[in-house]
Amino acid sequence: MDSSKRFHGWQRWLRFLLVLLISFGCIVGLNNAALQHTLEASIAQEVSPSTTPKPSASSLQPSPIASPSPQPVANPALQQLQQLGTAIAPKPVPKLNHFPYPQADPNTLITVGHYGQRIERLAPEAAIAWQKMVSAAREEKVYIIPISGFRSVAEQTQLFNARVRRWGSQIAAAKVIAPPGYSEHHTGYVMDLGDGRARNLDVTTAFARSSVYKWMQKHGKEFGFELSFPQNNFQKISYEPWHWRFVGSPAAMQLFAAGRPQAMPVQPNQMPLLTPQSRSKSGNG
Ligand SMILES: [Zn+2]
């Protein structure tokens, strides 16, 4: 008797579940656009190898361990839609014209300065050239400061996701920032520069008016540094007068080969020696 009742109870419950699932099917069909919106947020997190399934709009914290997300969900239908959303294969991250770059081993990097509380690091040969360049500029009362050097893929993921939230889509975000795995900053051969006497120009196109930018245009390549994204660059990446990469060693040149077909071909043995005398010998830039 009892077991038969229980059996009928289960049957009713299963029927109810079936109706519920069919309803979800309709909701999914009719509200593709709404679901797409949910997906957008989920996919933004998918670009990281270590992410939580549901991003929080305010959180920029890295989440190396997926937490069980104890957020209260009033509507179980909504919860199921979100689960469906994460189950669908993510769209590939739009790269636009960014090239993939390997991440340097952080243990091999050298600290070259600070930006606020943050330590800025470069690969050894770039760090040596950087220090010489900063000293040479200082002699001419030009004060180069490091804003952003090496960046891990995880850090880039946070920055990229923040831009996705700000600009509404990955495509819009990729126009102003490289997706994770596609930033030159991963290599340890890149630095965003600032002018110690014009901090209001930090990471703006107006930095092109700074004395640091003018000095770099003249002398940067004497130390192996070149602008990655000048105006109208062939990659069609937005103009970044603050972003300079080091190409003064064979390893660095090889890394950036794909990103500089417009540049003059330079053989490693033609690179200027990074000695204190090299600057005065090289003349104008
Ligand atoms: Zn940069």
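What you see is a predicted model; the values in this text were computed from it and never measured.

Analysis parameters
- Residues numbered from 1 in each chain as written.
- Predicted model: local features only at pLDDT ≥ 70, side-chain atom pairs only at ≥ 80, totals over all residues.
- Helix = DSSP H or I, 4+ residues; strand = E, 2+ residues; numbered from the N terminus.
- Buried ≥ 20, exposed ≤ 12 C-beta atoms within 10 Å, placed from the backbone.
- Expected span 1.5 Å × (residues − 1).
- Arc of directions from axis to C-beta.
- Pairing = 2+ DSSP bridges.
- Axes fitted to C-alpha atoms, helices over the stretch in contact; angles between N-to-C directions.
- Contact = placed C-beta atoms within 7 Å.
- Core = buried A, V, L, I, M, F, W, Y, C linked by C-beta atoms within 7 Å.
- pLDDT = per-residue confidence, 0-100.

**What to know about the overall build of the protein**
And then number 1: Within the protein, the secondary structure is distributed over nine helices and six strands.
And then number 2: The 285 residues of the protein split such that 29% are buried.

**Description of helix α4 (residues 124–139)**
And then number 1: For α4, with 16 residues, the first-to-last C-alpha span of 23 Å sits near the 22 Å given by 1.5 Å per residue.
And then number 2: Of all the residues in α4, the buried ones are Ala126, Ala127, Ala129, Trp130, Met133 and Ala137. Buried residues in α4, looked at end-on, bunch into an arc of 165 degrees, giving them a common side. Projecting away from the buried face of α4 at angles above 90 degrees are the exposed residues Pro124, Ser135, Arg138 and Glu139.
And then number 3: Directly beyond the C-terminal end of α4, a positive phi value near 60 degrees is found at Lys141.

**Re helix α5 (residues 153–167)**
And then number 1: With 15 residues, α5 extends 20 Å from end C-alpha to end C-alpha; this agrees with the ideal 21 Å at 1.5 Å per step.
And then number 2: Within α5, burial applies to Val153, Gln156, Thr157, Phe160, Asn161, Arg163 and Val164. Angularly, the buried residues of α5 cover 160 degrees about the axis, an arc narrow enough to put them on a single face.
And then number 3: Downstream of α5 by a residue or two, Gly168 has a phi angle that is positive, lying close to 90 degrees.

**A look at the sheet that holds strand β3 (residues 144–148)**
And then number 1: What the four strands build is an open sheet, ordered β3-β4-β6-β5; its pairing is antiparallel. For this open sheet the edge positions go to β3 and β5 (225–227), each flanked by a neighbour on one side alone. Sheet twist, expressed as the average angle between the axes of neighbouring strands with direction ignored, equals 45 degrees.
And then number 2: Of the strand pairs in this sheet, β3 and strand β4 (residues 190–195) are connected by four bridges, and their pairing is antiparallel. Directly across from Ser148, in β4, lies its bridge partner Asp192.
And then number 3: In the packing of α4 onto the sheet, contacts are made with β3, β4, β5 and β6 (243–246), and the angle to β3 comes to roughly 140 degrees.
And then number 4: Seen against the sheet, helix α7 (residues 211–219) touches β3, β4, β5 and β6 and runs at an angle of roughly 135 degrees to β4.

**A few points about the nonpolar core**
Considering soluble globular proteins, one finds that nonpolar side chains tend to be buried as a cluster.
And then number 1: Residues Ala126 and Ala252 are the most contacted members of the largest nonpolar core, which totals 37 residues.
And then number 2: Those elements that place two or more of their residues in this core are α4, β4, α7, β5, β6 and α8 (250–255).
And then number 3: A total of six residues in this core trace back to one element, the largest contributor, which is α4.
And then number 4: Excluding residues within four positions of it along the chain, Ala126 makes contact with Gly188, Tyr189, Phe246 and Ala252.

**Digging into the confidence of the model for the protein**
And then number 1: Looking at the protein, the pLDDT average stands at 73 and 59% of residues meet or exceed 70.
And then number 2: Overall, residues 80–89 carries pLDDT values under 50, and its contacts beyond four positions in sequence, including any with other chains, amount to 15 contacts.
And then number 3: Considering only residues more than four positions removed or in separate chains, one finds that residues 263–285, a stretch of pLDDT under 50, has 29 contacts.

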